[in-house]
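Each chain, letter by letter, is given below.
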Amino acid sequence: MTSIILLSVFGILNLFLGFMRSNKVLLPGAMLLLLAVFGANLADWNVVHAPYFNNMLVVDNYTVAFTGIVVLTTIALLPFSRSYVVAGEANLAEYYALLLFSLVGAVMMVGYDHLIMLFVGIEILSICMYVLAGSSKRDSRSNEAALKYFLMGAFATGILLFGIALLYGATGTFVLSQLATAIAAPQNASLQPMLYIGILMMIIGIGFKVSAAPFHFWTPDVYEGTPTFFTAFMSTVVKTAGFAAFLKLLAVALPGAQSFWLPTIQAMCALTLLLGNVGAAAQTSTKRMLAYSSVSHAGYLLIGLVASRGNLTGDAASGIFFYSLAYSIATIAAFGVLKLVADHRQRDDYAGLNGLGKTNPLLAFSMTVAMLSLAGIPLTGGFFGKFFLLAAAAGQGYIGLVVFAVVMSMVGLYYYLRPIIAMYMRPAEEGATPVPVDGIQKATLVLLALLTIALGIVPGFLSGIL
């Protein structure tokens, strides 16, 4: 609750900072404000189930843990907006304010205990992202990305809202715990068709938000056209909040309908892994590859939903938390390097990374650690993220799904190694100069790389957090 208040107030305050006509105070100001939010959120750890807004929002360890991920991710991302500061971007204050407001929606998605609060959180987050996707107004690709995202997002929102209405019609309540009780009540057995259609429509709506197949087709074009800084936010914060909301919905509200939604999630999982990995392998653009990679990682997180079997605690839920953290850290590093290189070399394909190991060893090292983590190579956080989820799924008897995920991980090795090969085994273009990187960006990249390695060496540090 404190996090929502602070983010809302700081978002408005950030707009007033824009009147100073000096971008130099905006970046450190936004980072300090988010650090204050992170501290206030951490202070709520081990608070006894505190409900707010007539029990529509709950602050507990689950809410605090996932809120911590999205806030830390945003703090790590902000240094890569330095180019906007240097260029004197006139709308920088508005960009930061929209990021803060979108975090309000993300926190609502994580802490909701009422379906209307879930809907409000998704809409706050989505509307901010629609605007940011089209923030590069003179770029036709950015305009196209915003239009596609808005139109498809509007349809997905309508489907989600219709599903919520059907769930209310079948159960007479929006409250998650009451939904679970109503679904299990024998007298409501005749309403199962309405209930199941509502659940399916909600899965479709949330599946769109987290880029799960077959609702992922917007992802490559939107990620490619959106300015890279905001693509990184979309790929990490939106996905983390979406899966936290998804897990809570299935575990708290719908455990009694597990026989219906579990096969559906399994099918989505297998399809997402297949289309995400095969699609990424076919790309020549690093940015589109990372877009399809984001789809494939949604597939691995769906394995966690399958393995959770309607349980908000336990190995599967902890695995989703760990995976979200490791994935967010590596993805911010990858997009950060890509943005710096693309700004300097004016290209975001694999060839744009050629020779980076010689011209910018730090950037190449950071990108290498990020790619290895996303691929799930040992001694990185990504390895244990996948290991925890696959171990939880195997423990529940989903051996076929685990084997398929491992095979798809092997496909992932192909496209994750391509940037590394370009950086270290191919010469830079003639006359290529080092990519300019300032001190705070260097420190951020080093910290992200160290965190990725630390999560791969001492993963037990975060075990049992949920």
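This text follows the structure it describes.
Below or above, wherever it landed, is the structure these notes cover. (Residues numbered from 1 in each chain as written. Predicted model: local features only at pLDDT ≥ 70, side-chain atom pairs only at ≥ 80, totals over all residues. Heavy atoms only, no water.)

## Points about the overall build of the protein chain
Then, in step 1: Each helix and strand in the protein chain was counted, giving 19 helices and two strands.
Then, in step 2: Radius of gyration (C-alpha) of the protein chain: 21 Å, near the 23 Å computed for a compact globule of 466 residues.
Then, in step 3: Taking as baseline every contact in the protein chain between residues at least 6 positions apart, the subset at least 24 positions apart corresponds to 80%.
Then, in step 4: Of the roughly 17200 Å² that the protein chain leaves accessible, carbon and sulfur atoms contribute 69%.
Then, in step 5: Distance between charge centres in the protein chain, computed from 21 positive and 17 negative side chains, equals 4 Å. (Helix = DSSP H or I, 4+ residues; strand = E, 2+ residues; numbered from the N terminus. Rg over C-alpha atoms; globule rule 2.2 N^0.38 Å. Contact = heavy atoms within 4.5 Å. Areas by Shrake-Rupley, 256 points an atom, 1.4 Å probe, with all protein chains shown as cover. Lys, Arg positive; Asp, Glu negative; His and termini not counted. Charge placed at Lys NZ, Arg CZ, Asp CG, Glu CD.)

## Here's the deal with the nonpolar core
Then, in step 1: By size, the foremost hydrophobic cluster in this structure holds 160 residues, and its most contacted members are L115 and I265.
Then, in step 2: Ranked by residue count, the leading element in this core is helix α14 (residues 315-345), at 19 residues.
Then, in step 3: When neighbours within four sequence positions are excluded, L115 is seen to be in contact with I164, L167, F174, L176, L179, M202 and L249. (Core = buried A, V, L, I, M, F, W, Y, C linked by side-chain atoms within 4.5 Å. Buried < 20%, exposed > 50% of the residue type's maximum accessible area, 1.4 Å probe, protein only.)

## What to know about the packing of aromatic side chains
Then, in step 1: For the structure on display, the rule yields 23 aromatic pairs.
Then, in step 2: Seen from their ring centres, Y196 and F260 are 4.6 Å apart, and the 10° between their planes marks the pair as stacked. With a gap of 64 residues between them, Y196 in helix α9 (residues 192-209) and F260 in helix α12 (residues 258-281) connect regions that are remote in the sequence.
Then, in step 3: On the basis of relative accessible area, Y196 is assigned to the partly exposed category, the value being 23%.
Then, in step 4: Taking the relative accessible area as the measure of exposure, F260 reaches 23% and is therefore partly exposed.
Then, in step 5: Their ring planes at 80° and their centres at 5.1 Å tell us that F322 and F388 sit as a pair that is edge-to-face. Within this pair, whereas F322 is found in helix α14, its partner F388 is found in helix α17 (residues 381-395), the two being separated by 66 residues in sequence.
Then, in step 6: Residue classification places F322 among the buried residues on the basis of a relative accessible area of 3%.
Then, in step 7: Overall, the relative accessible area of 26% leaves F388 in the partly exposed class.
Then, in step 8: Taken together through their ring pairs, the aromatic side chains of Y130, Y149, F150, F208, W218 and Y223 make up a single cluster. (Phe/Tyr/Trp six-rings, centres within 6.5 Å; stacked < 30°, edge-to-face > 60°.)

## Looking at the packing of helix α13 (residues 286-308) against helix α16 (residues 361-375)
Then, in step 1: Viewed as axis vectors pointing N to C, α13 and α16 meet at an angle of 35°, and their least axial separation amounts to 12 Å. As α13 runs across α16, the sense of the crossing is left-handed. Residues T286, M289, L290 and H297 of α13 lie in contact with α16, whose contacting residues are M367, M371 and L374.
Then, in step 2: For the contact of α13 with α16, the class distribution of residues is five nonpolar, two polar and no charged. (Axes fitted to C-alpha atoms, helices over the stretch in contact; angles between N-to-C directions. Left-handed = near helix turned anticlockwise from the far one by under 90°. Nonpolar A, V, L, I, M, F, W, Y, C, P; charged D, E, K, R; others polar.)

## Quick look at empty space enclosed by the protein
Then, in step 1: Evaluated as defined, the whole model comprises six cavities of 30 Å³ or more.
Then, in step 2: If you add up the space inside the largest cavity, you get close to 60 Å³.
Then, in step 3: Contributing to the lining of the largest cavity are H297, Y323, A326, Y327, A330, S373, L374, G381, G382, G385 and K386.
Then, in step 4: The residue makeup of the lining of the largest cavity, split by class, is five nonpolar, five polar and one charged. (1 Å grid on protein atoms, 1.4 Å probe; cavity = no way out; pocket = protein on both sides within 12 Å on 5 of 7 lines; lining within 4 Å. Points joined across faces, edges and corners; volume = space filled by probe spheres on them.)

## Some details on the pattern of salt bridges
Then, in step 1: A full pass over the atoms with the stated rule returns eight salt bridges.
Then, in step 2: Across the pair R82 and D438 runs a salt bridge whose closest N-O atoms are separated by 3.2 Å. One end of the pair, R82, is in helix α4 (residues 82-86); the other, D438, is in the loop between α18 (399-425) and α19 (439-457), and 356 residues separate them in sequence.
Then, in step 3: Shared partners join several salt bridges into a network, and the residues in it are R141, E144, K148, D221, E224 and R288. (Salt bridge = Lys/Arg side-chain N within 4 Å of Asp/Glu carboxyl O.)

## Considering the side chain of S293
Then, in step 1: Along the polypeptide, S293 turns up in helix α13.
Then, in step 2: Classification of S293 by relative accessible area gives buried; the value is 1%.
Then, in step 3: With residues up to four places along the chain from it excluded, the contact list for S293 reads A280, Y415 and Y416.

## Considering α14
Then, in step 1: A rise of 1.5 Å per residue sets the reference length of α14, with its 31 residues, at 45 Å; its end C-alpha atoms lie 44 Å apart and thus fit the reference within 8%.
Then, in step 2: Where burial is concerned, most of α14 is hidden: 28 out of the 31 residues are buried.
Then, in step 3: Two residues or fewer after α14 comes Q346, characterised by a positive phi angle close to 60°. (Expected span 1.5 Å × (residues − 1).)

## Details of a nonpolar patch on the surface
Then, in step 1: There is a patch of nonpolar side chains on the surface, built from F365, V406, M410, L413, L417, I421, Y424 and M425 and spanning about 740 Å² of accessible area.
Then, in step 2: With seven residues, the single largest contributor to the nonpolar patch is α18.
Then, in step 3: For V406, the position within the fold is in helix α18. (Patch = residues over 30% accessible without salt bridge, like charges linked within 9 Å, V, L, I, M, F, W, Y side chains within 5 Å.)

## Focus on the environment of L200
Then, in step 1: In this fold, L200 is placed in helix α9.
Then, in step 2: Sequence spacing of L200 and T264 is 64 residues, and the spatial spacing of their C-alpha atoms is 8.3 Å.
Then, in step 3: Setting aside residues no more than four positions away along its own chain, L200 makes contact with F260 and T264.

## Topic: the packing of helix α5 (residues 92-111) against helix α11 (residues 228-253)
Then, in step 1: Taken N-terminus to C-terminus, the directions of α5 and α11 make an angle of 15°; their axes are 8 Å apart at the nearest point. One way to sum up the angle between α5 and α11 is to call them roughly parallel. α11 is crossed by α5, and the crossing has left-handed handedness. Every residue of α11 that contacts α5 at Y95, L99, S102, L103, A106, M109, V110 and G111 is listed here: F229, F230, F233, V237, A241, G242, A244, A245 and K248.
Then, in step 2: Within the contact of α5 with α11, the residues separate by chemical class into 13 nonpolar, three polar and one charged. (Parallel < 35°, antiparallel > 145°, perpendicular 65-115°, else oblique.)

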